[in-house]
Amino acid sequence: MTYEFLQQYWWFLVSLLGALLVFLMFVQGANSMIFSLGRTENERRMLVNSTGRKWELTFTTLVTFGGAFFASFPLFYSTSFGGAYWLWMVILLSFVLQAVGYEFQNKLGNLLGTKTFQWFLVFNGIFGPLLLGGAVATFFEGSNFLVEKNNLVDAGAMTPIISRWANASHGLDALLNPWILVFGLAVVFLARILGVLYIMNNVSDENIRSRGSVRLIGATVPFLLLFVGYLVHLLLKDGFAYGADGEIFMEPYKYFNNFVTMWPLLVLLLVGVVLVLFGIIKTVVSKTYIRGIWPVGIGVVLVVLALLLCAGWNNTAYYPSTADLQSSLTIENSCSSEFTLRTMAWVSLFIPFVLAYIVYAWRALDKKEITAEEIKNDSEAY
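Along each chain, the written sequence defines residue order, and numbers are assigned to residues from 1. Side-chain atom pairs in this predicted model are given and counted only at pLDDT of 80 or more, local residue features only at pLDDT of at least 70, and totals for whole chains, interfaces and linings cover all residues. The side-chain figures draw on all heavy atoms in the structure; neither hydrogens nor water molecules are used.

Even after reading the chapter, I still don't get the nonpolar core, so can you show me in this structure?
When a protein is soluble and globular, its nonpolar side chains tend to lie buried together. Residues enter a nonpolar core if they are buried and are Ala, Val, Leu, Ile, Met, Phe, Trp, Tyr or Cys, with the set joined through side-chain atoms within 4.5 Å. Exposure is judged per residue with a 1.4 Å probe applied to protein chains only, and the accessible area is read against the type maximum: over 50% gives exposed, under 20% gives buried, and values in between give partly exposed. Membership of the largest hydrophobic core comes to 106 residues, with the highest contact counts inside it found for W11, F69, F73, F139 and Y318. Leaving out residues up to four positions away in the same chain, Y318 has contacts with W11, F69, F73, F76, F139, A311, G312, L329, T330, I331 and S334. In this analysis, two residues are considered to be in contact whenever any of their non-hydrogen atoms come within 4.5 Å of each other.

I tried to follow helix 12 (residues 263-285) on my own but got confused; where do I start?
Working note: α-helix, 3.6 residues per turn, so residues spaced by three or four point in the same direction. The end-to-end C-alpha distance of helix 12, which contains 23 residues, comes to 33 Å, matching closely the 33 Å that a straight helix rising 1.5 Å per residue would cover. Put simply, DSSP H or I for four residues or longer makes a helix, DSSP E for two residues or longer makes a strand, and each gets a number counted from the N terminus. When helix 12 is considered as a whole, its buried residues turn out to be L265, L269, G272, V276, G279, I280 and T283. Helix span, as expected, comes to 1.5 Å for every residue beyond the first.

Sorry if this is basic, but what is going on with the layout of surface pockets here?
Reported here for the largest pocket is a volume of approximately 1100 Å³. The wall of the largest pocket is formed by 33 residues, among which L17, L20, T61, L355 and I358 lie closest to the centre. At the level of secondary structure, the elements contributing two or more residues to the lining of the largest pocket comprise helix 1 (3-24), helix 5 (55-72), helix 13 (293-312), helix 14 (338-347) and helix 15 (351-365). Ranked by residues supplied to the lining of the largest pocket, first place goes to helix 15 with nine residues. Per-class residue counts for the lining of the largest pocket are 26 nonpolar, six polar and one charged. Its volume calculated, the second largest pocket comes out at about 640 Å³. Cavity: a set of points on a 1 Å grid over the protein atoms alone where a 1.4 Å probe fits but cannot get out. Pocket: an open set with protein on both sides within 12 Å along at least five of seven lines, its lining residues, like those of a cavity, having an atom within 4 Å of a point. Along the walls of the second largest pocket sit 46 residues, with G133, V136, F183, V187 and L307 positioned nearest its centre. Listing elements by their share of the lining of the second largest pocket, those giving two or more residues are helix 1, helix 6 (74-83), helix 7 (85-104), helix 8 (114-141), helix 9 (178-202), helix 10 (206-236), helix 12 and helix 13. With seven residues, the single largest contributor to the lining of the second largest pocket is helix 8. Grid points are joined across faces, edges and corners, and a volume is the space filled by probe spheres set on the points. In this classification, Asp, Glu, Lys and Arg are treated as charged, Ala, Val, Leu, Ile, Met, Phe, Trp, Tyr, Cys and Pro as nonpolar, and every other residue, Gly included, as polar.

Interpretation in functional terms is not warranted from these geometric data alone.
In structure tokens, the structure reads:
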């Protein structure tokens, strides 16, 4: 395992975690439609308890994603999580409100009312995917930061800070870029698609499933428009590349060239798109098909994985700086030491066992579909 291989390997693992996180945002997508899918109190309780069995997986994956970035690419962690902290604080706030929304909506002594805490879930369901999608879009569009590694060895430097944000917005300025908003909104509607498909598969209620088919079409149309529009923009735009000397430069059609050069990623992207369309179309056409979450979920993981690998592999700056081009981060100039990456590579061999446990726990939780009768008789239900 060479140092270069370890860098590529850890970018793959981080990208895979990011792809799994996007799939698991079906929790947020379903929560954003609590009041449109559930018309009665009992229907809304079924929805909340359905996603309530899985919300910890989404949050844990988000934390693991951040932890993996910290361990393998610490300069990105300090630059993005430390510099764009207002953006990440709003994201974390939405997930805190999610946890509060689940745990307190039906507790004794709830003075705010059940609906208030359900609106907390709706807030997280909209702003969580929007802001996380916007954060991912900065991998292609760039962020406003500066990196000054010489501060660590410069005795005259006021503070030994390597990276800093170039303005006072600390990440919120990303939302002023219309293409970042387009990608973020695409993730919102994608989460709603996943949420509808998950609820249709997990909740045994004909009224909810019939409404889900309508909501599925309503989420798919804007998603396709936004995603296709951004994908065309991405393939045609100039990208952030670097040479053997590490110098960053703009390359025309960089991301298009990446998919051509790394053609397996293009195959991965196309297979993922086909699976997503297959799962959606079959669910809409067939009145009895309720397993669309699986082909669509697998397709989403493949598409997001292909996009994230395209952002970092093939001499591409995965976190471009719009304030100073040479401050842009690559998997070579922002990674941990070879010893750290090699040690963690051995630890990563336990990942399949962790995934196997998640699959086992998932199947155990979903042995029975959610029903109104079950919720009434479950004293521990949300």
